[in-house]
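Residue-level structural notes
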Amino acid sequence: MSARGVVESVLLRALLAPSPARRLVAGRPVTVDGQTLAPDLQAMLRLQSIARPRNEEVPIEKLRAGMRTETALVGGKQAIGSTRDLTVAGRPARHYLPSSPVSDEPGPLLVFLHGGGFIEGDLDTHDAPCRVLAERSGVPVLALTYRRGPEHPFPAAHDDADEGFRWVVDHADELGADPARIAVGGDSAGANLAASVALAAARDGVPLAWQLLIYPVTRVGIVTPSRERFAEGFYLSAEFIDRADASYTPRQEDRDDPRISILEAEIPPGLAPAYVVTAGFDPLRDEGEAYARRMADAGVAVELERRTDQIHGFFNIVGVGHTPRAGVDKMADRLRAALA
């Protein structure tokens with residue numbers, strides 16, 4: 001085994017170890033804004049920095065491959081009733097069918113859009129958490145893909161997400177879904193896409209039951225206290241954000257477009273209820289919470305939860321550690337309650 005493999009093995013065992021051992025590996029507690037970082041995530045961050053450092057300047061394909069490796073490492077092998085790959089609006093998609101669905105067909109469905117800064121991420125990087133959401137909630141999940149920058153800049157991903165969602169609504173019977181019980185969700189850039197889909201659906205009178213928005217991007221180029229405090233050392237870096245912005249929204253006028261800077265969007269009547277989850281140690285924390293407040297001020301039913309001890313990306317960490325999985329399990333429980 002290589003030296004890097006030894007480090008990974010030791011630290012992964014520490015992530016699964018009892019709390020005192022995790023604290024020993026993690027080091028002294030990290031407290032910012034009155035929040036203390038979870039010890040298992042401190043150990044994971046050491047794994048990233050020592051065994052697999054992120055280099056934001058590597059070629060885009062290598063960056064994407066690195067995300068697939070990292071998410072496989074922390075996602076583990078998760079149970080699911082069955083999966084099937086299919087094509088939705090001309091693009092690859094994956095349907096997750098739980099072992100014990102909450103209802104017979106036609107039933108509820110979550111349309112899910114993966115994160116990755118609009119430049120990385122795919123069906124495989126988010127396979128593990130999609131399995132957890134579906135299997136624990138009993139609600140089938142349909143994960144969609146979209147074109148990514150820099151090859152396909154804005155509004156390519158947003159167009160694909162909207163077209164994919166409309167396809168799902170039009171083909172609900174083929175998916176065993178009730179059009180009145182379809183929800184949309186995503187993490188990070190995917191949450192931005194999901195929120196944009198929800199806004200368009202409300203404007204156009206397309207039925208949508210619920211939104212699951214996990215640490216969403218809500219304003220390109222914004223300066224917030226959380227973006228400044230957590231710019232380095234907590235997985236999502238200011239350097240990566242800048243690269244993602246330059247790749248997907250190279251023109252300033254695109255960055256101001258309310259389809260991506262949803263914090264500036266008008267909130268239409270009939271917007272679906274939302275469960276917004278942020279992470280305490282995340283550069284995107286403040287803008288996600290600002291969007292939740294904006295929806296609530298407009299009369300939308302919003303539940304906002306900050307996982308104070310978590311980092312950006314915890315949604316993918318369902319196979320190691322303890323605290324990230326607890327957050328994802330709660331999302332699945334909220335999904336079940338909203339659609340069952």
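As a reminder, the structure under discussion sits directly above these lines.
An account of the accompanying structure is given in this report. Owing to the predicted nature of the structure, the values given are computational and were not obtained by experimental measurement.

In terms of burial, strand β7 (residues 177-187) is a largely internal element, eight of the eleven residues being buried. Pairing of strand β5 (residues 107-113) with β7, which is carried by six bridges, proceeds in the parallel orientation. Bridge assignment links leucine 113 to a residue of β7, and that residue is glycine 186. Crossover β7 to strand β8 (residues 210-214) through helix α7 (residues 189-204) is right-handed.

Attention shifts here to the environment of isoleucine 222. Looking at the element boundaries, isoleucine 222 is found in the loop between β8 and α8 (225-229). For the pair isoleucine 222 and serine 261, spaced 39 residues apart in sequence, the C-alpha separation works out to 9.4 Å. In this structure isoleucine 222 touches Arg227, Leu263 and Glu287, once residues within four positions along its chain are discounted.

Moving on, we get to the pairing of β5. Two faces make up the sheet, and in a regular strand the side chains alternate between them. Counting buried residues along β5, seven of its seven residues qualify, which places the element largely inside the surrounding structure. Two elements, β5 and strand β6 (residues 141-144), share four bridges in a ladder whose sense is parallel. Note that in β6 the partner of valine 111 across the bridge is leucine 142. Taken together, β5, helix α5 (residues 127-137) and β6 form a β-α-β motif whose crossover is right-handed.

To continue, consider a negative patch on the surface. Residues Glu57, Glu232, Glu239 and Asp242 make up a contiguous surface patch of negative charge. With respect to the helices and strands, glutamate 57 occurs in the loop between α3 (39-51) and α4 (60-75). We classify glutamate 57 as exposed; its relative accessible area is 58%.

Judged by nonpolar contacts, the single largest core of 49 residues is most densely connected at Leu142, Phe165, Ile182, Leu271, Tyr291 and Met295. Within the residue set of this core, elements represented by two or more residues are β3 (82-88), β5, β6, α6 (156-170), β7, α7, β9 (274-281) and α11 (285-297). Each residue touching methionine 295, except ones within four places of it in the same chain, is listed here: Gln211, Leu213, Ile267, Leu271, Ala274, Val276, Val300 and Val302. Core analysis: the next-biggest nonpolar cluster, separate from the first, contains 29 residues, Ile80, Leu133, Phe314 and Leu335 among them.

In this section: the pattern of salt bridges. Tallying each qualifying case throughout the model produces 26 salt bridges. Ionic pairing is found between aspartate 124 and arginine 94, a salt bridge with its closest N-O pair at 3.2 Å. With aspartate 124 in the loop between β5 and α5 and arginine 94 in strand β4 (residues 91-97), this residue pair connects regions lying 30 residues apart in the sequence. Two residues, glutamate 253 and arginine 251, come together in a salt bridge whose shortest N-O distance is 3.4 Å.

A separate point is the sheet that holds strand β10 (residues 302-311). Strand order in this open sheet of eight strands is β3-β4-β6-β5-β7-β8-β9-β10, and the pairing throughout is mixed. The strands lining the two open edges of the sheet, one partner per strand, are β3 and β10. The mean inter-strand angle of the sheet, taken between neighbouring strand axes irrespective of direction, is 20°. Here β3 runs beside β4; their pairing, made up of seven bridges, is antiparallel. Pairing of threonine 83 across the sheet is with tyrosine 96, part of β4. Along the sheet, α7 makes contact with β5, β7 and β8, crossing β7 at roughly 145°.

Quick look at the side chain of glutamate 287 now. Mapped onto the elements, glutamate 287 comes out in helix α11. With a relative accessible area of 1%, glutamate 287 lands in the buried category. A polar side-chain atom of glutamate 287 sits 2.9 Å from the main-chain amide nitrogen of threonine 218. Once residues lying within four places of it in the same chain are set aside, the contact partners of glutamate 287 are Pro216, Val217, Thr218, Arg219, Ile222, Arg227 and Leu263.

Conventions and cut-offs
- Residues numbered from 1 in each chain as written.
- Predicted model: local features only at pLDDT ≥ 70, side-chain atom pairs only at ≥ 80, totals over all residues.
- Heavy atoms only, no water.
- Buried < 20%, exposed > 50% of the residue type's maximum accessible area, 1.4 Å probe, protein only.
- Helix = DSSP H or I, 4+ residues; strand = E, 2+ residues; numbered from the N terminus.
- Pairing = 2+ DSSP bridges.
- Right-handed = clockwise from strand over helix to strand, strands pointing away.
- Contact = heavy atoms within 4.5 Å.
- Patch = residues over 30% accessible without salt bridge, like charges linked within 9 Å, V, L, I, M, F, W, Y side chains within 5 Å.
- Areas by Shrake-Rupley, 256 points an atom, 1.4 Å probe, with all protein chains shown as cover.
- Salt bridge = Lys/Arg side-chain N within 4 Å of Asp/Glu carboxyl O.
- Lys, Arg positive; Asp, Glu negative; His and termini not counted.
- Charge placed at Lys NZ, Arg CZ, Asp CG, Glu CD.
- Core = buried A, V, L, I, M, F, W, Y, C linked by side-chain atoms within 4.5 Å.
- Axes fitted to C-alpha atoms, helices over the stretch in contact; angles between N-to-C directions.
- Polar contact = N/O pair within 3.5 Å; in protein donor to acceptor, adjacent residues only side chain to side chain.

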